[in-house]
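Summary of structural features
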Amino acid sequence: MYCCENCFKDDFLIEVVESYDEIGKCDYCNSEQVFIVDMNELSQYFGIVKKLYKPLMIGENITPDDNILHAGEKLFDLFNDSWEVFYGFDPDAEEELFYDLMNSLDSTEDYQQLYAKGQDDYYHRDSVDLWNSLSQKLTKQNRFFPGRQGQHGQEEIDNIIDITKSVFYQQEFKIKKGYKLLRARIGEFYNLDELSSPPENIISVGRANPVGIRMLYCVSNEEDKEIALETAIAEVRAPASSTVTVADIRTNKDLTFVNLSDFERIESVFELNQYADPIAELDRNQLTSHYVSSLSKPILEDTAQIEYISTQYLTALAEHLNFDGIMFRSSIAKGINFVIFDEQNCDFWKLNRYKIEGLKYSIRELKL
Ligand SMILES: [Zn+2]
């Protein structure tokens, strides 16, 4: 049986189909004059399905109290709803193709039974869930010692910290001495010193720092100069008609950052085939995605004191692990923010002053 490029939505598989360079008619979706391939050639890639999903077993991947019919799903639905591998214009044909592929891979398993996500056990909580619960504890319960000694909660905290560390090391970003940054301050200044971070006693809360802890907030000036300048000025929330002073800064040594401005998202389920533990890899990828989006999430000033606690915790962890700073995407402009833990790593070169002639508002109507 032949399947074709039109059967799939997944770019990885489409590329594999095209690589066979054979044109013809698809036995599944009936497309004609398309790239086709013998279905058996593709089954090897579907080994990942058996790693990510397991047949339902009470006491293994569902609790003894769960209703098996609610906890489990058909393997095709479970897989395709999460990953959109099949195109979706002929669901019956695609389902048939899916089970043909699975049977071609391994005909000893009964794929018609109910399946669930293949975590280790039914107590398993994914990392985003663990992080959210730690973040709640830090915010509402105990900011310094969030776990209770010797209790299950403490184990979960140790767990999420370990996974977060591995995210940080994976997202390591090294910059060379002389890396260019900008930093803005509202007002007209002529002394370089006046653009350094304020003294401890007047430091207010920020996305990366708690009250009283000095960190240097800058914007990368290595790519688009206009975007960098706009971002630096937007980050200080300069009002219309004000004057803003912007410092040109260069790092005076090589530095290592945790880069939470961007990450390599796992786009295709088939990329997971290369990992020994695809479930752990997927979990870590989702946690990285969560951190990247929470650091660039717009926060209102009224709730900032509370909302910034969890991102401050991440920054503190990066500092504890000897990183020199963290990077994240600006929530209000297109540039990338660099927070540098030790200002001594930067030299201030020169100051430029700008008049804010007007502000552009970007608006969206709220639907009820
Ligand atoms: Zn087809």
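Every chain is numbered on its own, with residues counted from 1 as its sequence reads. Selection of residues for local features in this predicted model requires a pLDDT of at least 70, selection of side-chain atom pairs for listing and counting requires 80 or more, and totals for whole chains, interfaces and linings are taken over all residues.

1. Some details on the overall build of the protein chain
What counts here: Labels follow the DSSP assignment, with helices taken as runs of H or I lasting at least four residues and strands as runs of E lasting at least two, numbered in each case from the N terminus. To sort residues by exposure, count the other C-beta atoms lying within 10 Å of each residue's C-beta; 20 or more gives buried, 12 or fewer gives exposed, and values between give partly exposed, all with C-beta atoms placed from the backbone. Throughout, a residue-residue contact means that the two C-beta atoms, derived from backbone geometry, are no farther apart than 7 Å.
When you go through the protein chain residue by residue, the secondary structure sums to eleven helices and 14 strands. In the protein chain, which comprises 368 residues, the proportion classed as buried is 28%. Across the protein chain, contacts joining residues at least 24 apart in sequence account for 75% of those joining residues at least 6 apart.

2. Description of the sheet that holds strand β1 (residues 2-4)
This is how it is decided: The criterion for strand pairing is that DSSP finds at least two bridges linking the strands in question.
Across the sheet, which stays open at both edges, the three strands sit in the order β1-β3-β2 with antiparallel pairing between neighbours. A single partner strand is all that each edge strand has here, and the edge strands are β1 and β2 (23-24). Inspection of the sheet shows β1 paired to strand β3 (residues 34-38) by three bridges, in the antiparallel sense. By the bridge assignment, Cys3 is partnered in β3 with Val37.

3. Focus: the pairing of strand β11 (residues 255-260)
In terms of burial, β11 is a largely internal element, five of the six residues being buried. Of the pairings in the sheet, the one linking strand β7 (residues 172-175) to β11 comprises four bridges and is antiparallel in character. Following the sheet pairing, Lys174 is matched in β11 by Thr256. Taken together, the four bridges between β11 and strand β12 (residues 325-329) define a ladder with parallel strand orientation. Paired with Val258 across the two strands is Ile326, which belongs to β12.

4. Structural notes on the pairing of strand β10 (residues 243-251)
Across seven bridges, the pairing between strand β8 (residues 180-186) and β10 is antiparallel. Opposite Arg185, over in β10, you have Thr245 as the bridge partner. Taken together, the nine bridges between β10 and strand β14 (residues 346-355) define a ladder with antiparallel strand orientation. Residue pairing for β14: Ala247 is matched across the bridge by Leu351.

5. Overview of the domain arrangement of the protein chain
Filter applied, for reference: As used throughout, domain bounds are those supplied by an automatic or database domain assignment.
Examined at the domain level, the protein chain breaks down into domain 1 (2-117), domain 2 (127-170) and domain 3 (173-261 + 296-355). Inter-centroid distance (C-alpha atoms) of domain 2 to domain 3 is 27 Å.

6. Things to note about the nonpolar core
Stated formally: Nonpolar core, as used here: buried Ala, Val, Leu, Ile, Met, Phe, Trp, Tyr and Cys residues forming one set through C-beta atoms within 7 Å.
One finds Leu182, Cys218, Ile326 and Phe338 to be the most contacted residues of the largest nonpolar core, which totals 48 residues. Mapped onto the domain boundaries, this core takes at least three residues apiece from domain 2 (127-170) and domain 3 (173-261 + 296-355). When residues no more than four places from it in sequence are discounted, the contact partners of Phe338 are Leu181, Cys218, Val219, Ser220, Phe257, Gly325 and Met327. Of all hydrophobic cores here, the second largest spans 29 residues; its members include Cys7, Val17, Cys29 and Val37.

7. Comments concerning helix α9 (residues 278-295)
Worth spelling out the cut-off: In a helix, the anticipated span is given by 1.5 Å times the number of residues less one. Here, the arc refers to the directions that run from the helix axis to the C-beta atoms.
Here α9 spans 26 Å end to end across 18 residues, near enough to the 26 Å set by a 1.5 Å rise per residue. Of all the positions in α9, only Leu287, Thr288, Tyr291, Val292 and Leu295 are classed as buried. All buried residues of α9 project into a common sector of 135° when viewed along the axis, lining one side.

8. Some details on the packing of helix α6 (residues 127-140) against α9
Each pair of packed helices can be described by the angle between their axes along with the distance between the axes. What counts, and what does not: Where helices are involved, their axes are fitted lines through C-alpha atoms of the stretch in contact, as for all axes, and angles between N-to-C directions lie from 0 to 180°. For classification, angles of less than 35 degrees are called roughly parallel, those exceeding 145 degrees roughly antiparallel, those between 65 and 115 degrees roughly perpendicular, and all remaining angles oblique. Note that Gly is not counted as nonpolar here; it falls among the polar residues with everything else outside the nonpolar set of Ala, Val, Leu, Ile, Met, Phe, Trp, Tyr, Cys and Pro and the charged set of Asp, Glu, Lys and Arg.
Viewed as axis vectors pointing N to C, α6 and α9 meet at an angle of 45°, and their least axial separation amounts to 8 Å. Relative to α9, the element α6 lies oblique. Residues Ser127, Val128 and Trp131 of α6 form the contact with α9, whose own contacting residues are Asp283, Arg284, Gln286, Leu287 and His290. In the contact of α6 with α9, the residues fall into three nonpolar, three polar and two charged.

9. Quick notes on the sheet that holds strand β5 (residues 73-74)
The antiparallel open sheet is built from three strands, whose spatial order is β4-β6-β5. Looking at strand neighbours, the two that pair on one side only are β4 (53-55) and β5, the edges of this open sheet. By the bridge criterion, three bridges tie β4 to strand β6 (residues 114-117) in an arrangement that is antiparallel. Across the sheet, residue Lys54 finds its bridge partner in β6, namely Ala116.

10. Re helix α4 (residues 75-83)
Among the residues of α4, those classed as buried are Leu75, Phe76 and Phe79. One side of α4 holds all its buried residues, which, seen down the axis, span an arc of 95°. Residues of α4 that are exposed and angled more than 90 degrees away from the buried face: Asp77 and Asp81. Structurally, α4 contributes buried residues whose contacts are with α2 (47-52), β4, β5, α5 (91-105) and β6. In the stretch just after α4, Glu84 is the one whose phi turns positive, near 45°.

11. Some points on the environment of Gly212
Note on placement: Gly212 falls in the loop between β8 and β9 (216-220). With eleven residues separating them along the chain, Gly212 and Asn201 place their C-alpha atoms 6.0 Å apart. Setting aside its immediate chain neighbours within four residues, Gly212 contacts Glu200 and Ile203.

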